[in-house]
Amino acid sequence: MSAVPFTVSVDLNLGNRIAPFLVETGQDVTVRKGAVPTEILEPVEVSPAFSASKSQFLLKVPNGVRILVSDGATITYDGGKASDREIALFLLGSAWGALCYQRGLLPLHASAILHQGSVHAFTGPSGAGKSTLTAALAKCGRHFFTDDILIIDPEAPGTGTICYSGQKDLKLWKDALVLTQAKKKLAIRDVEGFEKFFAAPANLSTESRGTLASLTILKNDATRLDRRLSTIEKIDGAKSIHELRNSVYRPRFAHAIWGKQKLFMSLAQLIKNVEVHEFNRTKVTAHFEDSVSYMDAWIERWRMASANGNASED
Amino acid sequence: MLAHLLRDHDDHTEIDPVGSISSNRPTFDHITGLSSSDLTDDEVDLLRPEISRMIASNADKIEFIKTHDSYYDCGNGEPIFPLDCSYGAIYLVRNPLDIAVSYAYHQGHQDFAKVVRRMNCPTHSIAGGSHTQIRQKVSSWSGHYRSWHDQSDIPVLTIRYEDMVENTAGCLLEMATFIGLSGEGLPQRIKTAVEQTRFHKLQENEQSTGFKEKPERAARFFRSGRTGEGVESLDIDLQRALLKKHQQLMRELGYA
């Protein structure tokens with residue numbers, strides 16, 4: 001089985017972020033600079049920044065970058081005055097997610113570590129701390145697998161859920177760099193004072209494919225409700241489907257490109273193979289190390305239980 | 001109170017969490033298909049009027065949105081809350097001396113001087129950047145008030161917090177009338193809503209089950225609710241600093 005779900009040829013510098021996908025020739029997807037229309041025909045979903053039909057996706061970023069993704073095979077960008085780095089930020093973000101849907105792949109909004117072939121993914125809305133927790137676990141010795149996007153192949157044969165790394169670089173705010181000691185690279189934006197940076201994790205895995213073992217929803221309700229600082233709870237049934245729907249990367253893209261029914265069926269299939277948990281923890285910086293240790297220990301218990309044929313460890 | 005009032009009024013009416021607060025980052029990301037944390041705060045503002053329109057166009061009733069924002073230009077000449085989808089604004093105003101105390105506790109500290117500096121700063125904004133909520137341009141205490149009351153696009157109902165404490169049912173009736181509620185059962189519904197949301201009851205609920213909007217650093221969300229704490233807790237220099245900056249508006253509103 002291939003290490004990546006598709007290959008890409010590009011004409012701009014994308015850094016290390018999708019290195020395993022890049023080829024010189026024979027690519028599945030071509031990324032080129034070119035003319036990008038201001039609208040697409042018969043969009044199913046429209047927002048202030050994108051419009052999407054089943055086969056076309058148009059992204060319009062307020063900084064002037066426009067990207068057209070067509071038929072799962074071509075990405076055309078007009079960067080305006082933006083640098084390659086800024087174009088790549090949006091190309092490998094929202095446009096990358098749309099490309100996955102067009103190619104029948106399910107992108108989850110998740111960061112993940114890899115442990116002995118098993119991928120443990122962390123999801124939650126923007127600001128939930130996915131990247132920071134994953135970077136911190138990498139600092140603890142876990143192998144960093146992906147940031148922000150985890151690509152699921154719903155059609156992959158076999159009993160497990162095959163998943164792929166969507167991004168090999170982290171994006172971290174300045175304070176998270178301090179917490180995780182990830183190696184700071186350039187700022188993600190060419191805007192003075194913008195303090196979010198690309199970063200190299202401490203323990204980067206060269207693997208870009210694995211089997212999804214667990215998906216953990218990051219929550220921050222516990223301390224607001226005056227409960228324990230860290231808890232992990234397995235969730236099932238309708239609640240897990242609901243949480244999984246919230247974990248889908250850009251669900252409006254999925255609705256436009258796949259339709260709601262296909263998305264639901266894919267999530268229902270996913271849930272058969274993957275344990276879903278809620279990790280409720282404080283985000284107060286003083287307790288950060290404790291919450292990372294808590295999760296690290298949980299992964300270790302999961303590994304040992306899995307080896308004994310009983311994966312669930314709440 | 002409004003949530004309780006509307007729930008009694010119509011079993012099918014719930015305040016949609018999607019529209020819960022104007023600074024909700026997941027809502028922004030969901031609607032735009034972009035990561036707000038990859039955008040500058042000014043770029044986020046440019047998209048906000050369209051987001052309001054989309055929320056309104058998907059709503060089959062009045063959508064309630066809490067906001068800390070002052071009323072300002074989003075960056076392209078359009079107000080941050082567009083006229084064409086804004087029914088009205090219920091503006092809650094409170095004595096700035098009391099706000100200073102409440103604001104500090106809400107942030108989990110008692111550095112009242114720090115809060116007073118913010119309340120006196122015309123360019124004061126909150127959140128944005130790495131924070132869990134998107135940036136809100138709050139302005140100074142009086143700057144915020146003037147921004148909403150100097151515009152004439154969106155109808156504004158102004159309620160003094162102190163009046164709401166004194167005459168809760170009367171103020172709720174004003175709000176209900178403003179949003180178009182009426183009918184024979186309205187007085188009883190108002191009475192019920194007021195009873196269900198008495199401050200001590202909210203405190204008891206928070207004590208027993210917590211409150212999800214409580215900031216992590218704050219000891220509690222429903223802390224005191226009393227009026228007059230500013231005079232009791234702020235030293236005289238801080239009181240003077242607020243009075244000096246906001247004297248005219250404080251007099252207009254009966255706070256000085």
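Residues numbered from 1 in each chain as written. Chains lettered and ligands numbered in written order. Predicted model: local features only at pLDDT ≥ 70, side-chain atom pairs only at ≥ 80, totals over all residues.

Peer 1: Would you explain the overall build of chain B in this entry?
Peer 2: A tally of regular secondary structure across chain B gives twelve helices and four strands. A globule of 256 residues ought to have a C-alpha radius of gyration of about 18 Å, and chain B, at 19 Å, matches this closely. The principal-axis extent of the C-alpha atoms belonging to chain B is close to 50 × 50 × 40 Å. Pairs at least 24 apart in sequence give 65% of the contacts found in chain B among residues at least 6 apart. (Helix = DSSP H or I, 4+ residues; strand = E, 2+ residues; numbered from the N terminus. Rg over C-alpha atoms; globule rule 2.2 N^0.38 Å. Contact = placed C-beta atoms within 7 Å.)

Peer 1: Sorry, what's going on with the packing of helix α2 (residues 130-139) of chain A against helix α7 (residues 288-307) of chain A here?
Peer 2: When two helices pack together, you describe them by how their axes are tilted relative to each other and by the distance separating the axes. Residue and element names in this part refer to chain A. Two elements in contact, α2 and α7, have axes whose closest approach is 10 Å; the angle formed by their N-to-C orientations is 70°. Considering their axes alone, α2 and α7 lie roughly perpendicular with respect to each other. The element α2 and its partner α7 pack so that their crossing is right-handed. Facing α2, whose interface residues are L133, A136 and L137, α7 presents V292, M295 and D296. A per-class count over the contact of α2 with α7 returns five nonpolar, no polar and one charged. (Axes fitted to C-alpha atoms, helices over the stretch in contact; angles between N-to-C directions. Parallel < 35°, antiparallel > 145°, perpendicular 65-115°, else oblique. Left-handed = near helix turned anticlockwise from the far one by under 90°. Nonpolar A, V, L, I, M, F, W, Y, C, P; charged D, E, K, R; others polar.)

Peer 1: Can you help me understand the confidence of the model for chain B in this one?
Peer 2: Segments scoring low in pLDDT should not have their predicted coordinates read at a detailed level. Residue and element names in this part refer to chain B. Averaged over all residues, the pLDDT of chain B equals 89, while 95% of them reach at least 70. Every residue in residues 8-19 is under pLDDT 50, and counting partners more than four places away or in other chains gives 17 contacts. The ipTM, which scores confidence in the relative placement of chains, is 0.93 for this predicted complex, and the corresponding pTM is 0.91. (pLDDT = per-residue confidence, 0-100.)

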